[in-house]
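# Structural overview
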Amino acid sequence: MRPFTLERASDISSAIEAFKAHQQSQFIGGGTNLVDLMRANVVQAEHVVDIVGLPWHEISEREDGGVRIGSLVSNADVAWNPLIEARYPLLAKAILAGASPQLRNMATTGGNLLQRTRCYYFYDTATSCNKRNPGSGCAAKAGVNRIHAILGASESCIAVHPSDMCVALAALEAEVRVVSDAGERLIPFADFHRLPGDSPEIDNNLQAGELITAVELPKQGFAQHFSYIKIRDRQSYAFALVSVAVGLHIEGGVIQKARIALGGVAHKPWRRPEAEALLENRSIQSIDARAVADLILEGAQGLSFNEFKIPLARRAIGRALEEALGQEALS
Amino acid sequence: MDPSIAEDAKGPSWHRSSVSDTAHELRMQVNGVATHLHVEPWTSLLDALRENLGLTGTKRGCDHGQCGACTVLVNGRRINSCLALAALQDGASVTTIEGLAQGDQLSPMQEAFIEADAFQCGFCTPGQICSAMGLLAEGRAKTQDEIREQMSGNLCRCGAYTNILAAVEKVLHSEGKGQHS
């Protein structure tokens, strides 16, 4: 690993100040992705600011019935928190579908949002990659692109966001609370990550020197009707080829609210609100899962090795909807 | 661990050179012994354990957090020591494979691995055993499927999974739950 200096921040303002004082700075929390990226020389840092001492380690109930997850709470502590298990089982299930127990013990909530793609070409510094080295080209397009995007990709990048947690957070319509020396702001989850366009080096809409302090969950957790289906090459400890998070709020046999997010298919968790609207205000007996899946996947484009993801996603959406509807649909 | 190494915090002789000005001071309890060493910011906990403290039981497999051979317990929780910066572990309590036995008496998990023939080449075994100790402490695995899932962070290229599962299951369902009797 290239040498860097390391500093422990004791409060928010000194963390931001330390970050801004150097040309190539990185904040470190759990470090599970950053250390790996720095070791592989994919990411270079001159100065690393340790933020683990900042006060974002709590999960707490909000006055409006929602829940706040501090950005430094580990993935394991979120997934196994009694409040999350009871009220947001979709989130718990998605987290436990990702990584390994060791990594979930280390990785933080904020870091999970900021993890980089696992595109092989992004990691291989001998190849061209517009995300790693803007303007150098995309080796994945003509390469082995089996794990790559079928939706929202661009000429310059076909990488996918690797997180499971974020797919659940997209379906839950969480908000990301961030702080900078200009103050605090809340970013709706759908606006946090971005599509690659012609600047794939930018994964999200966080500004330089902004820190994630918390993820805010709204009151509605879809605890009665949810599903997280993850399809991958091995049963555990592998990134999703396709994943689907579904949350339904059903009253009297009628779907009041439906949220569906896909993972493993795009540069960000993929949602199509028009498809969710097809489910809302419909009786559970009268839904057309095929039409919903078709709309979510509208415009999907396969590459030489990932064409299979389109029918896979279509079927996974159907299965996830069936699972989320559960017993009520059968009665 | 040779207590003289830990207590005078010098590490193996080839590391007894003068401390660089970029190094960070690091104090940890390692297997119950207070250690005091100096590490560069980019030194992983894995390298600090192996190279600075001479605790080579913890293995470097992939160095990417993908194989679990480097698993140790930090403050009682299993982590991949290859992805942890040593300098950030100041004040931590670390348990490695060398810390599980009491003198000549192996821990129940070590005994179970031997009894179940849960390894072939043995390279992944320290990580497997530390991971299994973490699994016991977490208390979330009850069934065979849950053990398999929660041991999935540890690869075994010899393919001793069936016997690893048997060893972990035996200790999980034993009275002492892996503690020395």
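Treat the numbers as computed from the prediction; the structure is a model and nothing was measured.

Cut-offs applied
- Residues numbered from 1 in each chain as written.
- Chains lettered and ligands numbered in written order.
- Predicted model: local features only at pLDDT ≥ 70, side-chain atom pairs only at ≥ 80, totals over all residues.
- Helix = DSSP H or I, 4+ residues; strand = E, 2+ residues; numbered from the N terminus.
- Rg over C-alpha atoms; globule rule 2.2 N^0.38 Å.
- Buried ≥ 20, exposed ≤ 12 C-beta atoms within 10 Å, placed from the backbone.
- Contact = placed C-beta atoms within 7 Å.
- Nonpolar A, V, L, I, M, F, W, Y, C, P; charged D, E, K, R; others polar.
- Pairing = 2+ DSSP bridges.
- Right-handed = clockwise from strand over helix to strand, strands pointing away.
- Expected span 1.5 Å × (residues − 1).
- pLDDT = per-residue confidence, 0-100.
- Axes fitted to C-alpha atoms, helices over the stretch in contact; angles between N-to-C directions.
- Left-handed = near helix turned anticlockwise from the far one by under 90°.

## Some details on the overall build of chain A
Scanning chain A from terminus to terminus reveals 14 helices and 12 strands. Relative to a compact globule of 331 residues, whose C-alpha radius of gyration would be 20 Å, chain A shows 20 Å and is just as compact. Once the C-alpha set of chain A is aligned to its principal axes, its extents read approximately 60 × 50 × 35 Å. Burial status across chain A gives 51% buried among its 331 residues. In chain A, of all internal contacts separated by at least 6 residues, the share reaching a separation of at least 24 is 65%.

## Considering the overall build of chain B
Across its full length, chain B holds 6 helices and 5 strands. Overall, chain B shows an N-to-C arrangement of helices and strands of α-β-β-α-β-β-β-α-α-α-α. Expected size for 181 residues packed as a compact globule is a radius of gyration near 16 Å; at 16 Å, chain B falls within 12% of this value. Expressed as lengths along the three principal axes of its C-alpha atoms, the size of chain B is roughly 50 × 35 × 30 Å. Expressed as a percentage of its 181 residues, the buried residues of chain B come to 48%. Pairs at least 24 residues apart make up 61% of the contacts formed inside chain B by residues separated by at least 6 positions.

## So, the interface of chain A and chain B
Contacts between the two partners involve 22 residues from chain A and, on the opposite side, 26 residues from chain B. Going through the elements one at a time, β1 (5–8), α2 (34–39), β3 (47–50) and α6 (101–106) of chain A are the ones with two or more residues in the side of chain A that touches chain B. Considering each element in turn, the side of chain A that touches chain B owes the most residues, 5 residues, to α6 of chain A. Grouping the constituent residues of the side of chain A that touches chain B by class yields 12 nonpolar, 7 polar and 3 charged.

## Some points on the pairing of β3 of chain A
Residues and elements named next belong to chain A. In terms of strand pairing, β1 meets β3 through 4 bridges, oriented parallel. Following the sheet pairing, L6 is matched in β3 by V48. The β-α-β motif built from strand β2 (residues 25–28), the intervening α2 and the parallel element β3 has right-handed crossover chirality.

## Focus on helix α4 (residues 125–138) of chain B
In this model, α4 of chain B (14 residues) spans 20 Å end to end at C-alpha, consistent with the 20 Å of a helix rising 1.5 Å per residue. The buried fraction of α4 of chain B amounts to 11 of the 14 residues, a majority that puts the element mostly inside the structure. Tucked inside the fold, the buried residues of α4 of chain B contact α6 of chain A together with β3 (71–74), β4 (77–80), α3 (108–115), α5 (144–150) and α6 (161–172) of chain B. Phi for G139 of chain B, located one or two positions after α4 of chain B, is positive at around 70°.

## Some words on the pairing of β3 of chain B
Residues and elements named next belong to chain B. For β3 and β4, the ladder comprises 4 bridges, and the chain directions are antiparallel. Directly across from T71, in β4, lies its bridge partner N80. Between β3 and β4, which pair antiparallel one after the other, the connecting turn spans 2 residues, and N75 there sits at a positive phi close to 50°. Sheet topology places β3 next to strand β5 (residues 93–95); 2 bridges connect them, and they run antiparallel.

## Points about the confidence of the model for chain A
Taken as a whole, chain A shows an average pLDDT of 97; of its residues, 98% reach a score of 70 or greater. Per-element confidence in chain A ranges from a low mean pLDDT of 57 for helix α14 (residues 327–330) of chain A to a high of 99 for helix α9 (residues 165–171) of chain A.

## Some details on the environment of Q120 of chain B
By the secondary structure assignment, Q120 of chain B is in the loop between α3 and α4. Ignoring anything within four residues of it in the chain, the contact list for Q120 of chain B reads C158 and A160 of chain B.

## Observations concerning the packing of α4 of chain B against α6 of chain B
Residue and element names in this part refer to chain B. Remark: α4 packs on α6, axes separated minimally by 11 Å, with the N-to-C direction vectors making an angle of 35°. Judged by the twist between their axes, the crossing of α4 over α6 is right-handed. Across the interface between the two elements, Q128, A132, L135 and L136 of α4 pack against I164, V168, V171 and L172 of α6. When grouped by side-chain class, the residues that make up the contact of α4 with α6 number 7 nonpolar, 1 polar and no charged.

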